[in-house]
Amino acid sequence: MLKFILKRILISVPVLIGVALVLFVLLNVVPGDPVTLMMGEHIKPNLIAMFRERMHLDDPVLIRFGRYILNALRGDFGVSYKDQREVSDLIAMAFPHTVKLTFYAVLVSWMIGIPSGIAAAVKQNTFIDRAFMGFSLMGVSLPVFWAGLLAQYVFAYKLAWLPTTGYYSFRYYIMPSVVLGWSSAGTVARLTRSNLLESLRNDFIRTARAKGLSESAVVVGHALKNALIPVVTVMALQVANLLGGAVMTESVFGIPGLGRIAVKAIADRDMPMLQGTVLFTTAIVIAGNLAADIVYAFLDPRISVEAG
Amino acid sequence: MLEIERLCTHFFTSRGVAPAVDNVTITIPPKSIVGVVGESGCGKSVTALSVLRLVSSPGRIVSGSIRLDGEELLTKSGPAMRAIRGDRISMIFQEPMTSLNPVYTVGRQVSEAITLHTNAARGEARGRTVEMFRAVGIPEPERRFKSYPHQLSGGLRQRVMIAMAMACRPEVLIADEPTTALDVTTEAQILHLMKELETAFGTSIMLITHNLGLVAEMCDYVYVMYAGRIMEQADVFELFDNALHPYTTGLLGAIPRPGGERRRLFNIEGMVPSLLDLPKGCRFSPRCGRAISRCHEEEPELRGVCRGHAVRCFLYKNESGAAR
Ligand SMILES: Nc1ncnc2c1ncn2[C@@H]1O[C@H](COP(=O)(O)OP(=O)(O)O)[C@@H](O)[C@H]1O
Ligand code: SF4
Ligand SMILES: [Mg+2]
C-alpha cells in the first residue's frame, strides 16, 4: 500500500512541473509591463529601471524560470504587484474559505447525489427514477451565478431565512454550499445510478439473493460498495469542478476565497498573484486525485495486489 | 423432498413470449442426486432459479407448483421465501470467478449466510464457517477466512461457494453446472466432495449439467431437457442402458471418452431452436434423424414406457418400450 502511495506521489511531480512551465510561459507572453501595472501609468522611466532591476525582470528566461520553480517549491510565489504583500500569505488567508466552501459543497453533492442515484437505480425507469434524476440534474444545468442570485432573492431577500453575503458563520455558508454542491450532485447521482445498476447485474448479486438476503440488504450490503468505489474516484474530478465553480460562487456570495483572489488578480493583471493561485489550485487538484486513488485502493481489495 | 410440477416460466420479451420452462415436472426425492441435462439454452438454469423464485424480469413463473416437503413455495410471501433460500434450499453457480463479491472476504460472505438464518452470534458464525471450510477441504481454513475471492483459485472459490451453500445444512442443494468452469482434476475433486456431503448431511442434490458423463458418475435419476421441455427421464442405469429419445442418444454419442481427445460436446446436427420461433410439432423434429411426418404436425406427450422411464417421442408408444 505504501509503495502504491509513493508511486502515485512520484507520478504527480512531473505533472506539477509541467503545469508550472505552461503557466510561466503563458504569463510571460501576456502584454504589459509589470512595473507600469504595479505603479500606474505615470511612473518615471528611471523608477521603472530600478524596479525591473530589483525584481530581476531582465535576467534570462531560464534563470527566471528556475528561480520561480525553486521559490514555488519553498512555497514562495513572490510579491503581489498590486498589494505589495507575499502571494503565499494572501493564498493562506483565502484558502481556508475555499476549503470550507468546497468541503460543504462536496457533502451537499453527495447528500443529494448518492440517495438520488440509489432511488433511481432501484426504481429504474419509473416515475421515481425520473423525478430524482431530474432534480439532481437540474443543478448541473443551472449556472451557479444564476442559481446563487435566485437563492439570495428567495431565501435572503423574500424569506429572510439566511444572510445574503459574507463568511462570518456557518449560516453564511449554507446557500453557497447548496448552490455549488447541487451543481455537481447530478454527476454524482448519474454515476451512482449507472454503477449501481451495473453492480446489480453481477453474478455475486444472484449469490447474495440465493443466500436469502432481503432486497435492501442486497443493494446496500453487496451492490452499493462496489458501485460507490468509482464514485469516489470521480470525487477528484469533482474537486476540480467545484474549485472552478467556487470562483463564481465566491463572487456571488462575497466569500474571500481563492476564486475571488484569482478573479481579482486577473482584473489587476497581477502576474505573481495569478501564477501563485493557479499553481496552488493545480497542486490541490492533484492532491485530490491522489487522495481519491488512495481511498479507492483502500476500498477495493483488488487494487493493492495489482500495484503490488 | 422437492417437487416441481407442471412449471411454466416464460420470458416476456419485446419480440414475444419465450417459454423457457414449459410444463416441467421434476421430483427430487430425499437423499438422492437428480441430474438435469441438456444443451445450453434449454431452460436448466431458469428451472433452477424458478425453484428459488429468483427469475428476473422479463421472466416470470406463469403457472405450476413447487413444493418443499409438501409446502407450496409459489404462494409464499417474500420474507417466508427468503427464509427458505440459503437455509432449506441453496444453490451454487457455474461461475466461481464471479459468484463471490470481490470486496468482501470469503469468510465474511459465508458467515453472513449463517448469521442470517440462525441466531448465531458473529464469533460463533465465524467458528462454524471455519469448520465448514475444513469440511469442504479448504486448506488452512483460519487463514482462508480472511482471503478475498481474487486471492483464491477457481477450485477453491467453488469450495467456498459449496461451503456457503451447505452452511445451513439445506434439504436441497441446486448445483447449476458447478464444474463447467473448472479443469478436469478440480472437477473430479469437487464432484467427489459433493457426493461426500450428500452422504454426510443427507442433502438432496439437483445437479444441472450438459455433460452426461458427469451424470453417469453422480446421479441416481436423470431428466433430459430440450427447448424448455422434459424429453426423457429415467433411472440412471436405465438411461445409459436403454436410452430411447433420439435427442438422448445424440447426447450419449457425444460423451468424451476417458483418455480420448475431447470431442465436440454435442454432435447432433443443427442448433437449439429459438424459443420465440419454435418448430411446429415435436420441438426436436428439425434436428431429428428419425422424424416421421407426424412429428412435424403434432407434439408428442411425455409417456411412460416402463417403470420410472418416460419419453416424449412418437416412436415409443406404450409400456413395452419397443420401437415401432
Ligand atoms: N433474461 C432473459 N431474457 C430473455 N430470455 C431469457 C432470459 N434468460 C433466459 N432466457 C431464455 O431462457 C432460455 C433458457 O435459458 P437457461 O435456463 O439459462 O438455459 P440453460 O439450460 O443453458 O441453463 C434461453 O434460451 C433464453 O431463451
Ligand atoms: S417425436 Fe419425432 S421428431 Fe421428435 S424425437 Fe421422436 S422421432 Fe424425433
Ligand atoms: Mg445455464
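A few points on the structure. Residue numbering note: each chain is counted from 1, following its sequence as written. Written order determines the labels here, with chains lettered from A and ligands numbered from 1. Side-chain atom pairs in this predicted model are given and counted only at pLDDT of 80 or more, local residue features only at pLDDT of at least 70, and totals for whole chains, interfaces and linings cover all residues. Excluding hydrogens and water, the side-chain values take into account all heavy atoms of the structure.

1. Looking at the overall build of chain A
Short version of the rule: Only DSSP runs of H or I covering at least 4 residues are called helices, and only runs of E covering at least 2 are called strands; the numbering of each starts at the N terminus. Exposure classes here rest on a 1.4 Å probe applied to the protein chains alone. A residue is buried below 20% of its type maximum, exposed above 50%, and partly exposed in between. By definition in these notes, contact holds between two residues if any of their heavy atoms fall within 4.5 Å.
Of the regular secondary structure elements, chain A holds 13 helices and zero strands. When its C-alpha atoms are laid out on the principal axes, chain A stretches across 85 × 60 × 30 Å. Burial status across chain A gives 44% buried among its 308 residues. Within chain A, counting contacts between residues at least 6 apart in sequence, those at least 24 apart form 71% of the total.

2. Considering the packing of aromatic side chains
The relation between two aromatic rings is expressed through the spacing of the ring centres and the mutual angle of the planes. Note the cut-off: Between 30 and 60 degrees the pair is tilted, below 30 it is stacked and above 60 it is edge-to-face, where a pair is any two Phe, Tyr or Trp rings, Trp via its six-membered ring, whose centres lie within 6.5 Å. Whether a charge sits over a ring comes down to the Lys NZ or Arg CZ being within 6 Å of the ring centre and within 35 degrees of the ring normal.
Taken as a whole and judged by the stated rule, the model has 14 aromatic pairs over all chains. Among the aromatic residues, those joined into a cluster by ring pairs are Phe103(A), Tyr104(A), Phe170(A) and Tyr173(A). Over the ring of Phe201(B) we find Arg169(B); its NZ or CZ atom is 4.1 Å from the centre of that ring.

3. Considering the interface of chain A and chain B
Selection criterion: Two parts placed together each lose some accessible area under a 1.4 Å probe, and adding up what both lose gives the buried area. Note on definitions: salt bridges are taken to be side-chain nitrogens of Lys or Arg within 4 Å of carboxyl oxygens of Asp or Glu. Polar contacts, as counted here, are pairs of nitrogen or oxygen atoms within 3.5 Å of one another; within protein the pair requires one atom able to donate a hydrogen and one able to accept it, and residues that are adjacent in sequence qualify only if both atoms are side-chain atoms. Each residue is assigned to one class: nonpolar for Ala, Val, Leu, Ile, Met, Phe, Trp, Tyr, Cys and Pro, charged for Asp, Glu, Lys and Arg, and polar for all the others, Gly among them.
Across the contact, 19 residues belong to chain A and 24 residues belong to chain B. Interface area for chain A against chain B, summed over the two sides, is near 2000 Å², with a carbon-plus-sulfur share of 62%. Summed over the shared surface of chain A and chain B, the number is two salt bridges. With a shortest N-O distance of 3.1 Å, Glu95(B) and Arg206(A) are connected by a salt bridge. Summed over the shared surface of chain A and chain B, the result is twelve residue pairs in polar contact (both at pLDDT 80 or more). Elements with a minimum of two residues in the side of chain A that touches chain B: helix H9 (203-210), helix H10 (215-253) and helix H13 (301-307) of chain A. The residue makeup of the side of chain A that touches chain B, split by class, is seven nonpolar, six polar and six charged.

4. Considering the sheet that holds strand S7 (residues 172-176) of chain B
All names here are of chain B. Short version of the rule: For two strands to be treated as a pair, DSSP must find at least two bridges joining them. Every axis corresponds to a line fitted to the C-alpha atoms, with the helix fit spanning only the stretch in contact, and the corresponding angles, defined between N-to-C directions, vary from 0 to 180 degrees.
Read from one edge of the open sheet, eight strands run S6-S7-S8-S3-S9-S10-S12-S11, paired in mixed fashion. Across the chains shown, the open sheet's two edge strands, defined by having one partner strand only, are strand S6 (89-92) and strand S11 (303-306). The sheet shows a mean angle of 20 degrees between the axes of neighbouring strands, direction not considered. Summarising the sheet, strand S10 (residues 229-235) and strand S12 (residues 309-311) pair through two bridges and their orientation is antiparallel. Across the sheet, residue Glu232 finds its bridge partner in S12, namely Val311. Across the face of the sheet, helix H1 (residues 44-51) comes into contact with strand S3 (33-37), S6, S7, strand S8 (204-209) and strand S9 (221-226) while running at roughly 150 degrees to S8. Sheet strands in contact with helix H7 (residues 184-201) are S3, S6, S7 and S8, and its direction is about 155 degrees off that of S8.

5. Quick word on helix H11 (residues 258-268) of chain A
Residue and element names in this part refer to chain A. Operational definition: It is the directions from the helix axis to the C-beta atoms whose arc is reported.
Buried within H11 are the following residues: Leu258, Gly259, Ile261, Ala262 and Ala265. The arc that holds the buried residues of H11, viewed along the axis, is 170 degrees, so those residues lie on one side. At the exit of H11 stands Arg269, carrying a positive phi of roughly 50 degrees.

6. Topic: unusual backbone geometry
Across the junction of Ser57(B) and Pro58(B), the peptide omega takes the value 5 degrees, indicating a cis bond. Structurally, Pro58(B) can be placed in the loop between H1 and strand S4 (59-68). Even without glycine at this site, Ala160(A) takes up a positive phi of about 55 degrees. Mapped onto the elements, Ala160(A) comes out in the loop between helix H7 (144-158) and helix H8 (170-200). Look at Ala160(A) and you get exposed, because its relative accessible area is 57%. Positive phi outside glycine occurs at Asp69(B), with the angle close to 50 degrees. Tracing the chain through its elements places Asp69(B) in the loop between S4 and strand S5 (71-72). In this structure Asp69(B) comes out as partly exposed when scored by relative accessible area, which is 45%.

7. So, the nonpolar core
Residues and elements named next belong to chain B. Put simply, the rule reads: Here, the term nonpolar core denotes a set of buried Ala, Val, Leu, Ile, Met, Phe, Trp, Tyr and Cys residues that are joined through side-chain atoms within 4.5 Å.
Residues Ile89, Ile162, Ile174, Met194 and Leu207 are the most contacted members of the largest nonpolar core, which totals 94 residues. Considering every element that reaches this core, the biggest residue donor is helix H6 (residues 154-166), with eight residues. In contact with Leu207, not counting residues within four places along its chain, are Ile33, Val34, Gly35, Val36, Ala175, Pro178, Met194, Leu214, Met218 and Cys219.

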